[in-house]
Amino acid sequence: MLTLGVLASGRGSNFQSIIDSIESGFIRAKISVLITDNPNAYAIERAGKHNIEPIVLKPKDFPDKNAYYFRIAEELEKRGVGLVILAGFMRVVGKALINKYRNRIMNIHPALLPSFPGLHGQKQAVDYGTQISGCTVHFVDEGMDTGPIIIQAAVPAYHDDTEETLSERILKQEHRIFPYAIKLYSEGRLSVDGRKVIIKGSREDSVLINPPYSNPSH
Ligand code: GRF
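These remarks concern the structure in this document.

About the cut-offs
- Residues numbered from 1 in each chain as written.
- Predicted model: local features only at pLDDT ≥ 70, side-chain atom pairs only at ≥ 80, totals over all residues.
- Heavy atoms only, no water.
- Near = heavy atom within 4 Å.
- Polar contact = N/O pair within 3.5 Å; in protein donor to acceptor, adjacent residues only side chain to side chain.
- Helix = DSSP H or I, 4+ residues; strand = E, 2+ residues; numbered from the N terminus.
- Nonpolar A, V, L, I, M, F, W, Y, C, P; charged D, E, K, R; others polar.
- Buried < 20%, exposed > 50% of the residue type's maximum accessible area, 1.4 Å probe, protein only.
- Contact = heavy atoms within 4.5 Å.
- Salt bridge = Lys/Arg side-chain N within 4 Å of Asp/Glu carboxyl O.
- Axes fitted to C-alpha atoms, helices over the stretch in contact; angles between N-to-C directions.
- Parallel < 35°, antiparallel > 145°, perpendicular 65-115°, else oblique.
- Left-handed = near helix turned anticlockwise from the far one by under 90°.
- Pairing = 2+ DSSP bridges.
- Phe/Tyr/Trp six-rings, centres within 6.5 Å; stacked < 30°, edge-to-face > 60°.
- Lys NZ or Arg CZ within 6 Å of the ring centre and 35° of its normal.

Side note on the site of the ligand
Phase 1 of the analysis: Looking at the ligand, the residues that line it are Arg-11, Gly-12, Ser-13, Asn-14, Gly-88, Ile-108, His-109, Pro-110, Gln-122 and Glu-174.
Phase 2 of the analysis: In the environment of the ligand, an oxygen atom lies 2.4 Å from a nitrogen or oxygen atom belonging to the side chain of Arg-11.
Phase 3 of the analysis: Contacts to the ligand include Ser-13, whose side-chain N or O atom sits 2.6 Å from an oxygen atom.
Phase 4 of the analysis: Broken down by secondary-structure element, the contributors of at least two residues to the shell around the ligand are α1 (13-23) and β5 (105-109).
Phase 5 of the analysis: Its residues assigned to classes, the shell around the ligand comprises 2 nonpolar, 6 polar and 2 charged.

See the structure below:
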């Protein structure tokens, strides 16, 4: 069975949606560890409630970025992690981890990439006045939100949206497509060809404006 390692920095609602999707049987996988850079992350409490080991690793306790990500990679490998999930991990991941887990690290970003990468994707969309927004699950490469796109979901953006109202609409879709991307991976249905991710099976799986699947936990 696929073993997941989750990295999160904050409230962990995406982490929770993955836990729920495993517990409901939607994804066949287990989560062996939560690694966080933030000792106050609510994600730690979520881990505790579901018997997932939490580890706090703060970058400032390491000599440099390389040492930090080397250690994270070690902790993941030690537990047999096959897929690394960035669920609101608010850092650009270092090469020491990417090289060991090439095309085996997934991130969720709250915008339709390549628009609005980096921090506050939702606010960037509101300020720009875009009328369609959404979220993207992608594999992680060395860039900032630049890796191959796995699944995107779109939502409308209205002229009177605030960062909060748009974020809430996008978050609902995050909680659907992130577990779904992990499910596809766990079933061996994802392959990467250059910038493109190929999903074996139904073509509709890659267009998720109205997702054609059902996730019983959401
Ligand atoms: C989400 O909006 C996600 O897209 C972004 O960070 C936020 C994390 O939220 N990468 P949560 O911690 O999963 O609730």
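Some words on the environment of Leu-184
Phase 1 of the analysis: Mapped onto the elements of the fold, Leu-184 is located in helix α6 (residues 163-186).
Phase 2 of the analysis: Residue Leu-184 is classed as buried on the basis of its relative accessible area, which comes to 0%.
Phase 3 of the analysis: Each C-alpha atom of the pair Leu-184 and Gly-201 lies 9.9 Å from the other, and the pair is 17 residues apart in sequence.

Considerations on α1
Phase 1 of the analysis: Counting buried positions along α1 gives 9 out of 11 residues, so the element sits mostly inside the fold.
Phase 2 of the analysis: All buried positions along α1 are accounted for by Ser-13, Asn-14, Phe-15, Gln-16, Ser-17, Ile-18, Ile-19, Ser-21 and Ile-22.
Phase 3 of the analysis: Here the buried face of α1 lies against β1 (2-7), β2 (29-36), α2 (42-49), β4 (83-86), β5 and α6.
Phase 4 of the analysis: Positive backbone phi, at 90°, marks Gly-25, one or two positions downstream of α1.

A closer look at the environment of Gly-94
Phase 1 of the analysis: Mapped onto the elements of the fold, Gly-94 is located in the loop between β4 and α4 (95-98).
Phase 2 of the analysis: The sequence separation of Gly-94 and Lys-49 amounts to 45 residues, and the corresponding C-alpha distance is 30 Å.
Phase 3 of the analysis: In contact with Gly-94, other than residues within four places in its own chain, are Lys-65 and Tyr-69.

Focus on the pattern of salt bridges
Phase 1 of the analysis: Tallying each qualifying case throughout the model produces 12 salt bridges.
Phase 2 of the analysis: For Arg-169, the salt bridge identified is with Asp-161, shortest N-O distance 2.8 Å.
Phase 3 of the analysis: If you follow the salt bridges from partner to partner, you end up with Glu-53, Arg-71, Glu-75, Lys-78 and Arg-79 in one network.

Some points on the packing of α1 against α6
Phase 1 of the analysis: Orientation of α1 relative to α6, taken along the N-to-C sense of each, is 50°, at an axis distance of 9 Å. What the angle tells us is that α1 and α6 run oblique. Here α1 runs over α6; the crossing is right-handed. Residue-level inspection shows Ser-13, Asn-14, Ser-17, Ile-18 and Ser-21 of α1 in contact with α6, the latter providing Leu-171, Glu-174, His-175, Phe-178, Pro-179 and Ile-182.
Phase 2 of the analysis: Residues of the contact of α1 with α6, tallied by class, amount to 5 nonpolar, 5 polar and 1 charged.

A few points about the pairing of strand β9 (residues 196-199)
Phase 1 of the analysis: The alternating pattern of β9 places Val-197 and Ile-199 on a buried face and Lys-196 and Ile-198 on a face that is not buried.
Phase 2 of the analysis: Taken together, the 4 bridges between strand β8 (residues 190-193) and β9 define a ladder with antiparallel strand orientation. Looking across to β9, one finds that Leu-190 is bridged to Ile-199.
Phase 3 of the analysis: Hairpin connection, β8 to β9: the antiparallel pair is bridged by 2 residues, and Gly-194 has positive phi, about 65°.

Some words on unusual backbone geometry
Phase 1 of the analysis: Going from Leu-113 to Pro-114, the amide bond is cis rather than trans, its omega being 10°.
Phase 2 of the analysis: Counting through the fold element by element, Pro-114 comes out in the loop between β5 and α5 (121-128).
Phase 3 of the analysis: Phi at Phe-116 is positive, roughly 55°, even though this residue is not glycine.
Phase 4 of the analysis: With respect to the helices and strands, the residue Phe-116 is situated in the loop between β5 and α5.
Phase 5 of the analysis: In the Ramachandran plot, His-120 falls in the positive-phi region, its phi being about 55° despite a non-glycine side chain.

Regarding the packing of aromatic side chains
Phase 1 of the analysis: In this structure the tally under the stated criterion is 4 aromatic pairs.
Phase 2 of the analysis: Measuring from ring centre to ring centre gives 5.0 Å for Tyr-68 and Tyr-69, while their planes differ by 80°; the resulting arrangement is edge-to-face. For the residue pair Tyr-68 and Tyr-69, the accessibility class agrees, reading buried in each case.
Phase 3 of the analysis: Among the aromatic residues, those joined into a cluster by ring pairs are Phe-62, Tyr-68 and Tyr-69.
Phase 4 of the analysis: The ring of Phe-70 has Lys-100 lying over it, and the distance from NZ or CZ to the ring centre is 4.2 Å.
Phase 5 of the analysis: Over the aromatic face of Phe-26 sits the side chain of Lys-183, whose NZ or CZ is 4.8 Å from the ring centroid.

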